[in-house]
Amino acid sequence: MLTNDAALEWIARWDRQQEGYLPDREERFTALIDAVEASGRPDPLVVDLGCGPGSLSARLLERLPKATVIAVDADPLLLGLGRAAYPHLTFFSRDLRTPGWSEGLGLDRPVDAAVSTTALHWISSPELTAMYAEVASILRPGGLLLNGDHFESDDATPSIAGLERAVHDKQTARAFADGLPEGWRDWWDAVAADPDLAEFNTARTTAGAGHNGAESHLLSMHAQALTAAGFAEVGTLWQRGNNRLLCAVANS
């Protein structure tokens, strides 16, 4: 049986391996939550897209205890960890690539902010516009989409893109001079070997919840999809190297 303590330990290990790829991860979390806080309500309604085990959602509620956070993901194992670790959060199993994913989330008013970190690049370019259009449909006028991820700009500014990666690599080397933490694949292999997680691993395999298909890694892909989905403004709110917080503002 998965206990609260065990789930919290797995999520702490998840956070550590994520930091190996994102040494500025906490700074990006802070910038994102700052933007939610600045959006105008002390009790914002927030949807966390591709929430994983709830790392961002938990930080949002810690900073903004009056907020309502709806956490959405398609991976049974990550959802299982999140539910065991954070019983005060509301998790829903949804595939963002499937139209209608926002139905049944219990939204009693338009959403103030839709947020995501290191998740939406797994949605392929052809599916992005439909997904972002559904996000726009649940946001209040002027509501925010805040998406933190590695966004590449090779198609538009290849020389700058190379410098952005160099800045990221140098920061990683400084942050982990004594060696990188375990990698993404190592974390998943360890999870698969834990008998207490066997039920969630089986559900994950049955659901086909692994990452498949082409990644949408270009900044231009997301900017174009957001514009096509009807957002009024799209821009970078925070950046270090190729690590960006992309912000889109819904039509007023």
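Our subject is the structure listed above.
Okay, so let's go over this structure. Everything numeric here is computed off the predicted structure, so don't read it as measured data. The numbers attached to residues start from 1 for each chain and follow its sequence in the written order. In keeping with the model being predicted, local features are shown solely for residues with a pLDDT of at least 70 and side-chain atom pairs are shown and tallied solely at 80 or more, while totals for entire chains, interfaces and linings include all residues. Based on all heavy atoms of the structure, the side-chain values leave hydrogens and waters out of the count.

1. Focus on unusual backbone geometry
Here is step 1 of the chain: Positive phi, close to 50°, is recorded for Thr 118, a residue that is not glycine.
Here is step 2 of the chain: Position of Thr 118 relative to the elements: it lies in the loop between β4 (111-117) and α5 (125-138). We count a stretch as a helix when DSSP gives it H or I for four or more residues in a row; a strand needs E for two or more, and each element gets its number in order from the N terminus.

2. Brief notes about the pattern of salt bridges
Here is step 1 of the chain: Only one rule defines a salt bridge in this text: a Lys or Arg side-chain nitrogen within 4 Å of an Asp or Glu carboxyl oxygen. Using the criterion set out here, one finds 17 salt bridges in the structure.
Here is step 2 of the chain: Linking Asp 15 and Arg 59 is a salt bridge whose minimum nitrogen-to-oxygen distance equals 3.4 Å. With Asp 15 in helix α1 (residues 4-21) and Arg 59 in helix α3 (residues 55-63), this residue pair connects regions lying 44 residues apart in the sequence. For the pair shown, Asp 15 and Arg 59 are each scored as buried.
Here is step 3 of the chain: We note a salt bridge from Asp 95 to Arg 97, for which the minimum N-O separation is 3.0 Å.
Here is step 4 of the chain: Residue burial is assigned from relative accessible area. The probe radius is 1.4 Å, only protein chains are included, and a residue is buried under 20% of its type maximum, exposed over 50%, and partly exposed in between. Classification of Asp 95 as partly exposed rests on a relative accessible area of 28%.
Here is step 5 of the chain: Relative accessible area serves as the criterion here: at 37%, Arg 97 is assigned to the partly exposed category.
Here is step 6 of the chain: Each member of the salt-bridge network shares a partner with another, and the members are Asp 15, Arg 25, Glu 26 and Arg 59.

3. Brief notes about the pairing of strand β7 (residues 243-249)
Side-chain positions along a regular strand alternate between the two faces of the sheet.
Here is step 1 of the chain: Buried residues dominate β7, accounting for six of its seven residues.
Here is step 2 of the chain: Pairing of strand β5 (residues 139-150) with β7, which is carried by seven bridges, proceeds in the antiparallel orientation. Among the inter-strand pairings, Leu 144 is bridged to a residue of β7, identified as Val 249.
Here is step 3 of the chain: Across seven bridges, the pairing between strand β6 (residues 233-240) and β7 is antiparallel. The residue of β7 that forms the bridge with Thr 236 is Leu 246. DSSP-based pairing: two strands are paired if at least 2 bridges between them are found.

4. Quick word on the packing of α1 against helix α7 (residues 184-192)
Here is step 1 of the chain: A fitted line through C-alpha atoms represents every axis, and for helices the fit uses only the stretch in contact; the resulting angles, taken between N-to-C directions, go from 0 to 180 degrees. Relative to each other, α1 and α7 sit at 160°, their axes nearing to 9 Å. As judged from the angle between their axes, α1 and α7 are roughly antiparallel. Here α1 runs over α7; the crossing is left-handed. Between α1, through Trp 10, Arg 13, Trp 14, Gln 17, Gln 18 and Tyr 21, and α7, the contact on the second element is made entirely by Trp 184, Trp 187, Trp 188, Ala 190 and Val 191. Each angle receives one of four descriptions, namely roughly parallel if under 35 degrees, roughly antiparallel if over 145, roughly perpendicular if within 65 to 115, and oblique otherwise. Here is the rule for handedness: rotate from the far helix to the near one, and if that takes an anticlockwise turn smaller than a right angle the crossing is left-handed, while a clockwise turn gives right-handed. Contacts between residues were defined by any pair of non-hydrogen atoms, one from each residue, lying within 4.5 Å.

5. A look at the packing of aromatic side chains
Here is step 1 of the chain: Stacked, tilted and edge-to-face are the three classes assigned to paired rings of Phe, Tyr and Trp, where Trp is represented by its six-membered ring and a pair needs centres within 6.5 Å; plane angles under 30 degrees give stacked, over 60 edge-to-face, the rest tilted. According to the stated counting rule, one finds five aromatic pairs in the structure shown.
Here is step 2 of the chain: Considering the side-chain rings of Trp 14 and Trp 188, the 6.3 Å spacing of their centres and the 90° angle between planes classify their relative orientation as edge-to-face. Of this pair, Trp 14 sits in helix α1 while Trp 188 sits in helix α7, and the two are 174 residues apart along the sequence.
Here is step 3 of the chain: Definition used: whenever NZ (Lys) or CZ (Arg) falls within 6 Å of the ring centre and also within 35 degrees of the ring normal, the charge is taken to sit over that ring. The ring of Trp 188 has Arg 204 sitting right over it, with the charged end atom 3.7 Å from the ring centre.

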